[in-house]
Amino acid sequence: MKIYKFAVLGTGFWSTYQLAGWGELEIVKPIAFYNRTLEKARALAEQYNVEHIYDNVDELLENHAGELDFVDIITDVDTHELFTLKATQYGLNVICQKPMAPTFETAEKMVSVCQKANVAFYIHENFRFQAPIRKLKEILDSGVIGKVFKANVAFCSGFPVFDNQPFLKELDQFILTDIGSHVLDIARYLFGEAKTLFCHTARVNQEIKGEDVANVLMQMQNGISCYVEMSYATIAETETFPQTLVRVEGENGSIQLLHNFEIRVTTRSGTTAVHAGPVMYPWVDPAYAVVHSSIVDCNRNILQNMEGKSPAETIGTDNLETIRLVHAAYRSARENRVIVF
Ligand code: 89Y
């Protein structure tokens, strides 16, 4: 049985869960960690019994590229392009955290560099792999609500997100890159590509640099009117972090994904409900359960592609379309106009 060996670049907040997620899949093994602060790499290496730690990516690649199958880039977005480029120079497959890049143009370059180097390029975009989203898609595809005409995809929360990820406070572009890249990807997964897009943004929390509210209205190519809303300024009776709630209306009924992972389907004959909660792996932080659990499914999808078993969903070329929406939303908000694709 082939064991896929990988290096982790970046051992911050998300790497702990990414590694735990890999741990659920039997045929992968981390062999080297890079972090700009070596001590952080060391702490994680001890936990995972990884022998090689570096605070210099070039050294890591120089010493281990020969035995690696891929690199897993879990650093902040600003280093994604550089680290992708370096990995391709050694012919290594690349997995990169979302958001792929700070600009659409950079994302395009990354995709092209990987294509030219003939390496696989995957974006670790896990929200579409969440158990309730997969179940919702299955119900939608069954045709039970008929032709869909409108939808709402919502991530609205007041969770103290900056406690665990303080750098998010410093981003000039915050919620559309951090959460928009997830929920716009969900919209594409469920409803296809957009034809037009209009967006409003706002900054409610004055202690952060970027926007913490964004409302995106899209007309999809299939005619569906899709309203994607996101906020980290929401004070609600029920805090729903980190869930994405969805409402879909079709000619024969509607589907609602609620905060308790319940999916309610209403047709003229009445309402039925199913529960689609995440798998609760022992390492999952209950505050992030549905996200953490989906890391395993996203990683599995990528790995099966590396094994040549099935296509991967969140490859660079696909994710480029999500990044296109993120940056179209910024442009629309800035110029107060509808973007036509
Ligand atoms: O960084 C974000 C993500 O990818 O999921 C939730 C999060 O941690 C905070 O918005």
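Residues numbered from 1 in each chain as written. Predicted model: local features only at pLDDT ≥ 70, side-chain atom pairs only at ≥ 80, totals over all residues. Heavy atoms only, no water.

Next up on the list: the side chain of S294. Considering the arrangement of structural elements, one finds S294 in helix α9 (residues 289-306). The class of S294 is buried, set by a relative accessible area of 1%. Side-chain polar atoms of S294 contact the backbone oxygen of N126, separated by 3.3 Å. Apart from residues lying up to four places away in sequence, S294 is in contact with N126, F129 and Q130. (Helix = DSSP H or I, 4+ residues; strand = E, 2+ residues; numbered from the N terminus. Buried < 20%, exposed > 50% of the residue type's maximum accessible area, 1.4 Å probe, protein only. Polar contact = N/O pair within 3.5 Å; in protein donor to acceptor, adjacent residues only side chain to side chain. Contact = heavy atoms within 4.5 Å.)

The next subject is the environment of V8. In this structure, V8 sits in strand β1 (residues 4-9). Take V8: its relative accessible area is 1%, and that puts it in the buried class. Along the backbone, V8 and A41 are 33 residues apart, and their C-alpha atoms lie at a distance of 9.3 Å. Apart from the residues within four sequence positions on either side, V8 is in contact with S15, L19, A32, F33, Y34, D72 and I74.

Formed by 56 residues in total, the largest nonpolar core has its most connected members in L176, F191, V216, M218, V228, M230 and V248. Considering every element that reaches this core, the biggest residue donor is helix α8 (residues 175-191), with 10 residues. Listed in part, the 30 residues of the second largest apolar core include I31, Y54, V71 and V119. (Core = buried A, V, L, I, M, F, W, Y, C linked by side-chain atoms within 4.5 Å.)

To continue, consider unusual backbone geometry. Along the chain, K98 connects to P99 via a cis peptide bond; the corresponding omega equals -15°. With respect to the element layout, P99 can be found in the loop between β5 (93-97) and α5 (104-117). Note that the residue after F241, namely P242, is joined by a cis bond; omega there is -5°. In this structure, P242 sits in the loop between β10 (225-231) and β11 (245-250). The backbone of N49 sits at a positive phi, close to 60°, despite the residue not being glycine. Counting through the fold element by element, N49 comes out in the loop between α2 (38-48) and β3 (52-54). Exposure remark for N49: the relative accessible area of 72% places this residue in the exposed category. Phi is positive for F261, which is not a glycine, with a value near 70°.

Every residue close to the ligand is listed here: W14, K98, F127, V161, Q165, D178, I179, H182, Y232 and Y288. K98 is positioned such that a nitrogen or oxygen atom in its side chain is 3.0 Å from an oxygen atom of the ligand. Between H182 and the ligand, the recorded distance is 2.7 Å, taken from a side-chain N or O atom to an oxygen atom. The cavity that encloses the ligand is the largest pocket. The leading source of residues in the shell around the ligand is α8, at 3 residues. The residue makeup of the shell around the ligand, split by class, is 6 nonpolar, 2 polar and 2 charged. (Near = heavy atom within 4 Å. 1 Å grid on protein atoms, 1.4 Å probe; cavity = no way out; pocket = protein on both sides within 12 Å on 5 of 7 lines; lining within 4 Å. Sits in = over half its atoms within 2 Å of the grid points. Nonpolar A, V, L, I, M, F, W, Y, C, P; charged D, E, K, R; others polar.)

It is worth spelling out the sheet that holds β10 at this point. Pairing within the open sheet is mixed, and its 9 strands lie in the order β14-β13-β12-β11-β7-β10-β9-β8-β15. Looking at the sheet topology across the chains shown, the edges are occupied by β14 (270-275) and β15 (339-340). Bridge count between strand β9 (residues 213-220) and β10: 7 bridges; the pairing is antiparallel. Paired with V213 across the bridge in β10 is S231. Sheet strands touched by α8: β7 (148-156), β8 (194-202), β9, β10 and β11. Its angle to β10, the strand with the most contacts, is close to 155°. Sheet contacts for helix α10 (residues 316-335): β8, β9 and β15; angle to β8, the most-contacted strand, approximately 60°. (Pairing = 2+ DSSP bridges. Axes fitted to C-alpha atoms, helices over the stretch in contact; angles between N-to-C directions.)

The subject of this paragraph is the packing of aromatic side chains. Applying the stated criterion across every chain, the model contains 19 aromatic pairs. Taking 5.9 Å as the distance between ring centres and 90° as the angle between the ring planes, the aromatic pair formed by W14 and Y288 counts as edge-to-face. One end of the pair, W14, is in helix α1 (residues 13-23); the other, Y288, is in the loop between β14 and α9, and 274 residues separate them in sequence. On the basis of relative accessible area, Y288 is assigned to the buried category, the value being 2%. The rings of F13, W14, Y17, F127, F155, F159, F162, F174, Y232, F241 and Y288 are connected pair by pair, giving a single aromatic cluster. Note that K2 overlies the ring of Y4, its terminal NZ or CZ placed 4.7 Å from the centroid. Across the ring face of Y189, the terminal group of K137 is positioned such that the distance to the ring centre comes to 5.3 Å. (Phe/Tyr/Trp six-rings, centres within 6.5 Å; stacked < 30°, edge-to-face > 60°. Lys NZ or Arg CZ within 6 Å of the ring centre and 35° of its normal.)

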